[in-house]
Structures are given as C-alpha cells and as structure tokens.
Amino acid sequence: MADDNTSAFQAGQTGLIVRIPEAEPAVGRWRERLDPSAPAGVPAHITVLFPFLDESRTDALVHSALADVLGRHQAFDLRFERCGRLPEVLYLVPEPDTRLRQLTEAIADRWPEAPPYGGRFAEIVPHLTIAQGQDDAVLAEIEADLADRLPFTSRVSSVELIVYDGTKWHVRASFALGE
C-alpha cells in the first residue's frame, strides 16, 4: 500500500493484499520504521487493489464474488532477488509479476468503481514496499543491508481483504486461489 501514510488512511477503507511472510525477516525492521502501513498493522505484502470498496459495501455478495474471481486464478510462486525504486520509495521486486497484475486487473474489471490506487497511476507496478518518504542515502543504506538477505521465494495461495478501523488494519477475510 505504497504512497499512503497513516494520516491518509480512513476508517472503513479496505484493500486486497497478498501477504509475503517470508519477507518479514529481511524487511520487517525497516518497514516498522519507514513504511507507515506497518505500524498500522499491515504485514509485508503486495497490494492487489487499494483502495477497494468501503467496508459498508463488503457484504456476503461481495465476498462471494471475490471468492469466485480469485478462485479462477491458480496459486503461484514469486521470487524476490532485487530492490526497485519509485520516487522516495524502496521496494522488493516480485518476479515474475504477471500473475499479480492479472489478479489486480480481474478485481478492477469486476469492480470498475475501485481502480488501482484510486486511478492515480496508469501502470500497475506490483511491489513490496520497504520504505517511503526517505531520501536516496537512506534508501541506499537499506538496499545495501538487504543484499545479503536476498533472494527468497514465496508461495501465493490466497488474497486477503483488510479493513482499517481508524487505528489499525485488520484481516476481514481470506480468499483462496485455485491449486
């Protein structure tokens, strides 16, 4: 959920994420300090779609539709070998990222009123944010620290719906991908 900060989170906001627990040993301490979503309760992840529908709209029918859309996509593996950068953002690059893009596109096609990142960006760039709002020297320090912690792989078998309660993000539901 890059390009956000806790003051920008609003109660009732939701997002769809792929949790990457294998990243925590490498990036956890950096994220806790330099990614505002981490202290707000979001684990190491790749955003599938943010913001999604307001929590008031995520009823049983939406859950059923999410299960249907996501269940049509097969589970897959990702490899993290290197860092990438966006302006003032350092992230881990998931490879290959095609399946992640397909998940985002499938959800955005089903709910066109919820475009990725509110429609602010033309291109979908799957990424696992480590730090944001930092100068190049800090990002270079983090990148050097991560050099010995990469590569690692992760199995993606589900997508989580998370909701912000005004203080923290919480998992509301998990949707399995096909096997």
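Note that the structure is predicted; figures quoted are calculated from it, not measured. (Residues numbered from 1 in each chain as written. Predicted model: local features only at pLDDT ≥ 70, side-chain atom pairs only at ≥ 80, totals over all residues. Heavy atoms only, no water.)

> What is the right way to read the overall build of the protein chain from this model?
Within the protein chain, the secondary structure is distributed over four helices and eight strands. The order of helices and strands in the protein chain, counted from the N terminus, is β-α-β-α-β-β-α-β-α-β-β-β. Relative to its length of 179 residues, the protein chain is compact, with a C-alpha radius of gyration of 15 Å against a globular reference of 16 Å. When its C-alpha atoms are laid out on the principal axes, the protein chain stretches across 45 × 35 × 30 Å. In the protein chain, which comprises 179 residues, the share counted as buried stands at 49%. Summarising the internal contacts of the protein chain: among those between residues at least 6 apart in sequence, 77% fall at separations of at least 24. Surface summary for the protein chain: the accessible area is close to 8300 Å², and the carbon and sulfur share equals 48%. Each charge sign in the protein chain was given a centre, from 17 positive and 28 negative side chains, and these centres are 2 Å apart. (Helix = DSSP H or I, 4+ residues; strand = E, 2+ residues; numbered from the N terminus. Rg over C-alpha atoms; globule rule 2.2 N^0.38 Å. Buried < 20%, exposed > 50% of the residue type's maximum accessible area, 1.4 Å probe, protein only. Contact = heavy atoms within 4.5 Å. Areas by Shrake-Rupley, 256 points an atom, 1.4 Å probe, with all protein chains shown as cover. Lys, Arg positive; Asp, Glu negative; His and termini not counted. Charge placed at Lys NZ, Arg CZ, Asp CG, Glu CD.)

> Any chance you could explain the sheet that holds strand β6 (residues 152-156) here in plain terms?
Two pairing modes exist for strands in a sheet, parallel and antiparallel, and in both the strands are linked by backbone hydrogen bonds. Taking strand neighbours across the sheet as the criterion, the four strands line up as β5-β4-β3-β6 in an open arrangement whose pairing is antiparallel. In this open sheet, the two edge strands, each paired with only one partner strand, are β5 (128-132) and β6. Within this sheet the neighbouring strands show an average axis-to-axis angle of 35°, counted without direction. Where strand β3 (residues 76-86) meets strand β4 (residues 89-95), six bridges bridge the pair, whose relative direction is antiparallel. Bridge pairing in β4 places cysteine 83 opposite leucine 92. (Pairing = 2+ DSSP bridges. Axes fitted to C-alpha atoms, helices over the stretch in contact; angles between N-to-C directions.)

> How should the pairing of strand β2 (residues 45-49) be read in this particular structure?
For β2, the tally of buried residues reaches five of five residues, placing the bulk of the element in the interior. The pairing of strand β1 (residues 14-19) with β2 spans four bridges and is antiparallel. Within β2, the position partnered with isoleucine 17 by the bridge is threonine 47.

> Is there a simple way to explain the pattern of salt bridges in this structure?
Two side chains bearing opposite charge may form a pair once their charged atoms approach each other closely. Per the stated rule, a full pass over the model turns up 14 salt bridges. Here arginine 29 ties to aspartate 145 by a salt bridge, and the two come within 3.3 Å at their closest N and O atoms. Pair noted here: arginine 29 is in helix α1 (residues 24-34) and aspartate 145 is in helix α4 (residues 136-146), with a separation of 116 residues, a long-range link. Note that arginine 155 is salt-bridged to glutamate 179, the shortest N-O span being 3.4 Å. Placement of arginine 155 in strand β6 and of glutamate 179 in the segment after β8 (169-176) is noted, with a sequence separation of 24 residues between them. On the basis of relative accessibility, which here comes to 42%, the residue arginine 155 falls in the partly exposed class. Salt bridges linked by common partners bring Arg29, Asp145 and Arg149 together as one network. (Salt bridge = Lys/Arg side-chain N within 4 Å of Asp/Glu carboxyl O.)

> Where do I start with the environment of glycine 41 in this structure?
Within the secondary structure, glycine 41 is located in the loop between α1 and β2. Taking the C-alpha atoms as reference points, glycine 41 and tyrosine 164, 123 residues apart in sequence, are found 9.1 Å from one another. Among all residues touching glycine 41, those that are not within four sequence positions of it are Lys168 and Trp169.

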